[in-house]
Amino acid sequence: MAAILIVEDEERIASFVAKGLRAEGHQPTVVGDGRQALDEAMTGLYDLVILDIGLPGLDGFEVLDQLRSQGSRVPVIVLTARDSVTDTVTALEGGADDYMPKPFRFAELLARVRLRLRQPEQAASARPEHLVVGDVLLDLRTRQAEISGRVVELSAREFALAEIFTLNPGQVLSREQLLDHVWGYDFDPGSNVVDVYVGYLRKKFGADTISTVRGMGYRFNAR
Ligand code: CA
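Everything numeric here is computed off the predicted structure, so don't read it as measured data.

Next up on the list: the nonpolar core. Proteins that are soluble and globular tend to have nonpolar side chains buried together. Core analysis: the biggest nonpolar cluster contains 51 residues, and L51, L161, F165 and F205 have the highest contact counts within it. Shared between two domains, this core takes at least three residues from each, and those domains are domain 1 (3-126) and domain 2 (130-220). Among all residues touching F165, those that are not within four sequence positions of it are L173, L178, V198, L201, I210, Y218 and F220. One finds L21, I50, M100 and L109 within the second-largest nonpolar core, a separate group that totals 19 residues.

Written out as structure tokens, the structure is:
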């Protein structure tokens, strides 16, 4: 199972790709805006990004360019227009690992996805085995947490929430971002489930590890 970010503003295509990937046992997340896509891709939570070119906010070339210049090596498959050789060349020169001309059959895309996910060197660099922030350590293989060497029991949801926080220390994460990652992007945004789980993590990690940033979200602090 791989976490795959689908960046596509055309809902019909996005849901067709997401549905297909889910049927293959993967965990897709869809965003339709270039800026949001860059934020998501930079979280380090994804094994692969499928990136459309024509997007609101930033276009796919700009997303790719910023992603690579900020040091991310996550594999990227760019969706290009079938008749545009320029798009394809620009994408590959800009650091894309592969491209998929539109329109495409799902099987064609899936073959490229499989190929990219099979490259162990990239997968290993995209996903570390441990995350350490201050005195908090998360072991991503055993899904266990430690505070100053002491093991702390976390539920699967708590661990997933702790994971996104420790991947982004010192950064404000919105409720929507946290919901998307831990509960799936179609979860009711009016729900207070994020606040409840932040409360659980504060009890386990110490109240000062997660600050509330009014009107914006939450921030994980190194101690
Ligand atoms: Ca588009």
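What follows is about the sheet that holds strand β9 (residues 150-152). With respect to topology, 4 strands assemble into an open sheet ordered β6-β7-β8-β9, the strand pairing being antiparallel. Two strands in the sheet have a free side with no partner beyond their single neighbour: β6 (130-133) and β9. On average, each strand axis in the sheet is inclined to that of its neighbour by 25°, with strand direction left out of account. Pairing geometry for strand β8 (residues 144-147) and β9, over 3 bridges, is antiparallel.

Let us now look at the packing of aromatic side chains. Overall, the coordinates contain 5 aromatic pairs when judged by the stated rule. Judged by centre distance (5.9 Å) and plane angle (25°), the rings of F165 and F220 are stacked. With F165 in helix α7 (residues 156-167) and F220 in strand β12 (residues 217-220), this residue pair connects regions lying 55 residues apart in the sequence. Judged by relative accessible area, F165 falls into the buried class, the value being 0%.

Let us look at the coordination of the calcium ion. At 2.2 to 2.4 Å from the calcium ion lie its protein donor atoms, namely D9 (OD), D52 (OD) and G54 (O). What makes G54 partly exposed here is its relative accessible area of 44%.

Reading guide: rules and limits
- Residues numbered from 1 in each chain as written.
- Predicted model: local features only at pLDDT ≥ 70, side-chain atom pairs only at ≥ 80, totals over all residues.
- Heavy atoms only, no water.
- Core = buried A, V, L, I, M, F, W, Y, C linked by side-chain atoms within 4.5 Å.
- Buried < 20%, exposed > 50% of the residue type's maximum accessible area, 1.4 Å probe, protein only.
- Domains from an automatic or database assignment.
- Contact = heavy atoms within 4.5 Å.
- Pairing = 2+ DSSP bridges.
- Helix = DSSP H or I, 4+ residues; strand = E, 2+ residues; numbered from the N terminus.
- Axes fitted to C-alpha atoms, helices over the stretch in contact; angles between N-to-C directions.
- Phe/Tyr/Trp six-rings, centres within 6.5 Å; stacked < 30°, edge-to-face > 60°.
- Donors = N, O, S within 2.8 Å, 3.2 Å for Na, K, Ca; no water.

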